[in-house]
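Residue-level structure breakdown
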Amino acid sequence: MGLLLPFAAFFVVGLFWRWRGGGSRGYGLCLILGAAVGLAFTASARQQLARLENTYTGKNVALTAEVEQVSASYLPYAVRAVLRVKTVDGQSPETTLRVACSDLPECDAGDEVLGCFRLEAVQEEQQLSRYADGIALEGEYRFGFRLLGRGASFRARTHRLQKKLSEGLRSAVPEPLADTGGVLAAMVVGDRSALSADLRDAYRAAGLSHIFVVSGMHVSILCGLMGGLTLPEKPQKRRVRSHWSRKAEALFRAVLALLLVGVTGFTPSVQRAAAAVWVSALGVWLFAPADALTSLGIAGVLMTCTNSYAVCDVGFELSFAAVLGTLAGGAVFHRLRSSAAADRKKPKRISRARRIFKKLGWTAAESFCIALCASAATFPVLVLRGMSASLWALLSSVAVLWLAQPILLFGLGAAVLSLIPAARPLTRLCGLLASLPAEVLNRWAVLVSGWPGAQLYFETACAAVVCLLLLFLGWLAYRWKVRFRVAVPVLLIVVVVSVTAGNFLSRDVVRVELTGSKNNPAVVITQSDTAVVLYRGGDPEAVETVLAKRGIRCPELVIDLRMNPEAPCALSAKTKLAAAPLPRQFRQRFRCGREGQLDVELLRTGEGCLVRVRAAGRSLASLSGSVRLAKPLSADWLLASPARPYSVHYTHLLTSSTNYRWMQEEAENWKPAEALLLRPGGGYLLR
């Protein structure tokens with residue numbers, strides 16, 4: 001139903017436009033046809049996924065696969081990986097099959113591997129994100145792992161090239177600026193493996209995390225640079241060779257865009273930019289220049305025709321929203337400049353210095369308009385995705401994005417020259433010239449990340465309504481040709497009033513969220529800028545994602561509730577405690593927050609432990625292992641887990657699963673809910 005609503009919205013808007021559109025009724029027809037085709041694509045993709053799930057779910061199979069993506073796992077000597085399956089039990093699958101594995105033995109992207117896996121359907125809460133990445137099943141590694149060698153596909157070869165370029169670029173950075181090497185590798189070739197967690201958090205808080213995403217800016221700079229290196233034509237042959245030289249240049253740029261897509265890992269943003277380059281090249285060959293909106297639409301169709309769930313990828317949504325915002329910013333700037341030219345009574349002669357300052361002023365105004373509209377366009381995506389936004393994102397973009405071009409140009413030069421051993425001195429020079437502006441960028445991000453207002457979290461429903469209101473007011477101002485000096489203050493007043501009201505309503509609200517695996521989820525309790533984490537195992541990245549959404553870098557308290565941990569908890573915190581090594585009958589109390597509003601009490605029993613949290617006038621209990629108390633403990637909410645809650649008398653239950661054994665024995669019909677909002681004055685909301 002969640003996927004049908006957008007199609008219905010486009011269909012209804014298309015019908016209305018077709019009915020009332022006048023001379024522009026064709027746009028309404030396009031919306032209707034687009035909704036119908038999109039619905040057909042989605043039904044086809046869903047049918048294909050269902051067929052794969054019915055064929056392989058619950059089976060142990062021998063897979064020969066190529067490793068496409070690798071990231072760190074929470075288990076020692078293991079990695080999380082995405083596998084593109086070549087054979088299943090010696091036979092090729094009927095369609096492209098990708099499997100996500102969270103516990104694969106150590107390997108690298110581009111390797112071919114063999115092993116026995118148990119395949120399962122993707123968990124319901126992860127379906128949209130997994131399907132958007134083309135992942136149909138999850139695989140649990142069993143035995144028989146073997147490395148078969150290097151993959152020979154285009155993706156495997158370009159990944160090895162990316163790794164070489166990244167290593168060469170980082171080696172070209174001077175040692176005093178070693179931390180900058182990870183930033184350069186992320187910005188230039190899309191390799192974020194060497195990017196430190198502190199810098200990643202600082203860039204996110206400053207509103208500059210998008211600079212690490214290889215996107216249209218990278219493609220434009222690369223293709224524009226390489227296109228400018230083509231040999232000039234001889235004057236006497238210009239008429240004969242002009243069309244063919246332009247065609248050859250367009251083809252060259254298309255090949256470069258394809259290479260950049262492979263090197264940076266087929267991310268949605270770079271695929272969209274590359275598709276725009278390919279459409280532009282096609283226009284040169286067909287003598288029909290491409291329109292920006294046409295290129296954007298064709299890119300979307302090409303990216304979704306094989307997998308309609310690609311639109312659920314947050315990178316896809318942010319990339320398309322940013323492009324639309326950039327185009328809108330350009331239109332606003334041209335309207336502003338035309339209005340200023342119309343107000344000028346008659347041209348007068350001005351000095352050269354004044355002309356230069358005037359040109360710089362218009363350049364800054366254009367950058368401001370584009371950054372403002374791009375930020376406004378991407379903000380609804382951030383809100384609806386439950387992500388945090390920075391109050392300083394616009395200021396950061398205008399202030400430092402001019403550094404991106406020299407960083408990319410010199411960084412690209414250092415990366416390419418690192419492949420030539422004889423060019424070592426030139427490589428170091430390019431590395432130095434790239435690292436100096438990158439260091440300025442780092443210092444700015446660290447500085448801004450400490451300012452108040454960095455990484456603001458907005459309640460989804462309220463912020464979505466405000467976003468729609470602002471977009472509607474902006475459209476009305478553009479449509480009615482309202483003066484810029486009138487429209488901007490009105491929009492700012494609406495923003496200030498909305499943010500103030502939202503902060504007042506959400507002040508001191510306690511959020512309790514279950515994240516990670518359904519069987520044994522971790523508990524994240526947040527209030528304002530304070531967080532308490534009760535870790536039960538699983539993937540620490542899920543906890544870090546929730547904390548990042550709330551704008552919290554380091555929780556105040558992490559308690560590891562596992563009784564037999566395979567590896568220590570990887571989460572960082574101001575105070576960290578593991579329950580397993582504690583003595584029996586150990587009891588400790590923590591007061592977290594500026595005024596101790598989160599009261600946490602830990603009790604270690606013989607074969608388990610119990611944590612009770614008092615917040616917003618309620619008490620919450622969480623168990624691990626077997627807990628036996630002489631007198632049952634009373635709690636308003638039980639944060640459910642496989643541990644039997646016989647020693648807890650509770651009124652309400654927060655659970656992400658209804659299949660725990662103790663639930664079946666008590667024959668209770670619980671409704672799963674993974675999030676709880678507690679208001680200090682009373683009342684709660686389940687999600």
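Everything quoted here is computed from the prediction, not taken from an experiment. (Residues numbered from 1 in each chain as written. Predicted model: local features only at pLDDT ≥ 70, side-chain atom pairs only at ≥ 80, totals over all residues. Heavy atoms only, no water.)

With a phi angle near 55 degrees, S528 is a residue other than glycine that sits in the positive phi range. Examined against the element boundaries, S528 turns out to sit in the loop between β7 (522-527) and β8 (530-535). Phi at A616 is positive, roughly 55 degrees, even though this residue is not glycine. You can see A616 is positioned in the loop between β13 (607-615) and β14 (618-626). (Helix = DSSP H or I, 4+ residues; strand = E, 2+ residues; numbered from the N terminus.)

Turning our attention to the nonpolar core. In this structure, V183, L184, M187, Y203, F212, I407 and L441 are the most contacted members of the largest nonpolar core, which totals 35 residues. Those elements that provide at least two residues to this core are α4 (154-171), α5 (178-189), α6 (197-205), α14 (404-417) and α15 (424-449). In terms of residue count, the dominant contributor to this core is α15 (seven residues). Setting aside residues no more than four positions away along its own chain, L441 makes contact with M187, Y203, I211, V400, L403 and I407. (Core = buried A, V, L, I, M, F, W, Y, C linked by side-chain atoms within 4.5 Å. Buried < 20%, exposed > 50% of the residue type's maximum accessible area, 1.4 Å probe, protein only. Contact = heavy atoms within 4.5 Å.)

Tracing the backbone shows S308 in the loop between α10 (292-304) and α11 (314-343). Here S308 falls in the buried class, since its relative accessible area comes to 10%. When residues no more than four places from it in sequence are discounted, the contact partners of S308 are F41, T42 and A45.

With that settled, the discussion passes to the packing of aromatic side chains. Taken as a whole and judged by the stated rule, the model has 10 aromatic pairs. Here the aromatic rings of F16 and W19 are separated by 6.2 Å at their centres, their planes lie at 70 degrees, and the arrangement is edge-to-face. Taken as a pair, F16 and W19 lie in helix α1 (residues 4-20) at a separation of three residues, close to a single helical turn. For the pair F16 and W19, a shared accessibility class is recorded, and that class is exposed. Summarising the aromatic geometry, the rings of F333 and W362 are spaced 5.9 Å apart at their centres and angled 75 degrees between planes, so their arrangement reads as edge-to-face. Here the residue F333 occupies a position in helix α11, and W362 occupies one in helix α12 (residues 352-384), the gap between them amounting to 29 residues. (Phe/Tyr/Trp six-rings, centres within 6.5 Å; stacked < 30°, edge-to-face > 60°.)

This brings us to the packing of helix α9 (residues 268-285) against α10. Running from amino to carboxyl end, α9 crosses α10 at an angle of 120 degrees, the nearest separation of the two axes being 9 Å. Between α9 and α10, the crossing angle belongs to the class labelled oblique. The crossing of α9 and α10 is right-handed. Listed contacts from α10 to P268, Q271, R272, A275, A276 and V279 of α9 are S295, L296, I298, A299 and M303. (Axes fitted to C-alpha atoms, helices over the stretch in contact; angles between N-to-C directions. Parallel < 35°, antiparallel > 145°, perpendicular 65-115°, else oblique. Left-handed = near helix turned anticlockwise from the far one by under 90°.)

To continue, consider the confidence of the model for the chain. Detailed conclusions should not be drawn from predicted coordinates in areas where pLDDT is low. Mean pLDDT over the chain works out to 82, with 91% of the residues at or above the 70 mark. Mean pLDDT across the secondary structure elements of the chain bottoms out at helix α7 (residues 216-227), with 63, and peaks at strand β9 (residues 557-560), with 94. The model gives residues 227-241 a pLDDT under 50, and that stretch makes seven contacts with residues more than four places away or in other chains. (pLDDT = per-residue confidence, 0-100.)

A contiguous nonpolar surface patch, about 650 Å² in accessible area, is contributed by W244, L251, V255, L282, W285 and L286. The element best represented in the nonpolar patch is helix α8 (residues 238-263), accounting for three residues. Mapping W244 onto the fold places it in helix α8. Judged by relative accessible area, W244 falls into the exposed class, the value being 55%. (Patch = residues over 30% accessible without salt bridge, like charges linked within 9 Å, V, L, I, M, F, W, Y side chains within 5 Å. Areas by Shrake-Rupley, 256 points an atom, 1.4 Å probe, with all protein chains shown as cover. Salt bridge = Lys/Arg side-chain N within 4 Å of Asp/Glu carboxyl O.)

Judged by pairing direction, the sheet is mixed, and its six strands sit side by side in the order β11-β12-β13-β14-β15-β16 without closing on themselves. At either margin of the open sheet sits one strand with a lone partner, and together these are β11 (586-592) and β16 (648-654). Across the sheet, the axes of successive neighbouring strands diverge by a mean angle of 30 degrees, strand direction being ignored. (Pairing = 2+ DSSP bridges.)

Going residue by residue along β9, you find L557 and I559 tucked away on one face and V558 and D560 tucked away on the opposite face as well. Bridging between β8 and β9 involves four bridges; their strand directions are parallel. If you follow L534 over to β9, its bridge partner there is I559. Once you follow β8 into helix α18 (residues 540-549) and on to β9, the crossover reads as right-handed. (Right-handed = clockwise from strand over helix to strand, strands pointing away.)

Attention now moves to the state of the cysteines. Structurally, a disulfide amounts to a covalent bond that connects the sulfur atoms of two cysteines. For the structure on display, the rule yields zero disulfides. Here C312 is not disulfide-linked; the sulfur of C305 is the nearest cysteine sulfur, at 16 Å. Under the relative-accessibility criterion, C312 is labelled buried at 10%. (Disulfide = S-S within 2.5 Å.)

Right, let's get into the sheet that holds strand β5 (residues 137-150). Reading around the barrel, the five strands line up as β1-β2-β3-β5-β4 and close back on themselves, with mixed pairing between neighbours. Neighbour-to-neighbour, the strand axes of this sheet turn through a mean angle of 50 degrees, independent of strand direction. One ladder, built from eight bridges, connects strand β1 (residues 59-72) with strand β4 (residues 111-121); its direction is antiparallel. Following the sheet pairing, A65 is matched in β4 by V113. Where helix α2 (residues 25-56) meets the sheet, its contacts fall on β1, β2 (78-88), β4 and β5, and the angle it forms with β5 comes to roughly 85 degrees.

What follows covers the environment of R157. The topology assignment puts R157 in helix α4. Residues R157 and G538, 381 residues apart in the sequence, show an inter-C-alpha distance of 33 Å. Only 3.1 Å separates the side chain of R157 from the backbone oxygen of A152, close enough to count as a polar contact. (Polar contact = N/O pair within 3.5 Å; in protein donor to acceptor, adjacent residues only side chain to side chain.)

Before going further, it helps to spend a moment on α10. Because an α-helix packs 3.6 residues into every turn, residues spaced three or four apart end up facing the same way. Over its 13 residues, α10 extends 19 Å from the first C-alpha to the last, a length consistent with the 18 Å expected when each residue adds 1.5 Å. Restricting attention to buried positions, one finds in α10 the residues S295, L296, A299, G300, M303 and T304. Looking straight down α10, one finds that the buried residues subtend no more than 150 degrees of arc, so they occupy a single side. (Expected span 1.5 Å × (residues − 1). Arc of directions from axis to C-beta.)

Looking at where T655 falls in the secondary structure, it is placed in the loop between β16 and α19 (661-665). In sequence terms T655 and S626 are 29 residues apart; their C-alpha atoms lie 18 Å from each other. At 2.6 Å, the side chain of T655 forms a polar contact with the backbone oxygen of S657.

A separate point is the packing of α5 against α15. The geometry of α5 relative to α15 is characterised by a closest axis approach of 9 Å and an angle of 100 degrees between their N-to-C directions. One element, α5, and the other, α15, form an angle in the roughly perpendicular class. Mapping the contact onto sequence places T180, V183, L184 and M187 in α5 and A434, S435, A438, E439, L441 and N442 in α15. The residue inventory of the contact of α5 with α15, partitioned by class, reads six nonpolar, three polar and one charged. (Nonpolar A, V, L, I, M, F, W, Y, C, P; charged D, E, K, R; others polar.)

Moving on: the pairing of strand β6 (residues 510-515). Extensive coverage of β6 is indicated by the burial of six of its six residues. Across the two faces of β6 the burial is the same, with V510, V512 and L514 and R511, E513 and T515 all buried. The pairing of β6 with β7 spans six bridges and is classified as antiparallel. Its bridge partner lying in β7, R511 is registered against T526. Taking the residues between adjacent antiparallel strands as the criterion, β6 and β7 are bridged by six residues, where G516 takes a positive phi near 95 degrees. Relative to strand β17 (residues 675-678), β6 runs antiparallel, the two being bridged by four bridges. Residue pairing for β17: E513 is matched across the bridge by A675.

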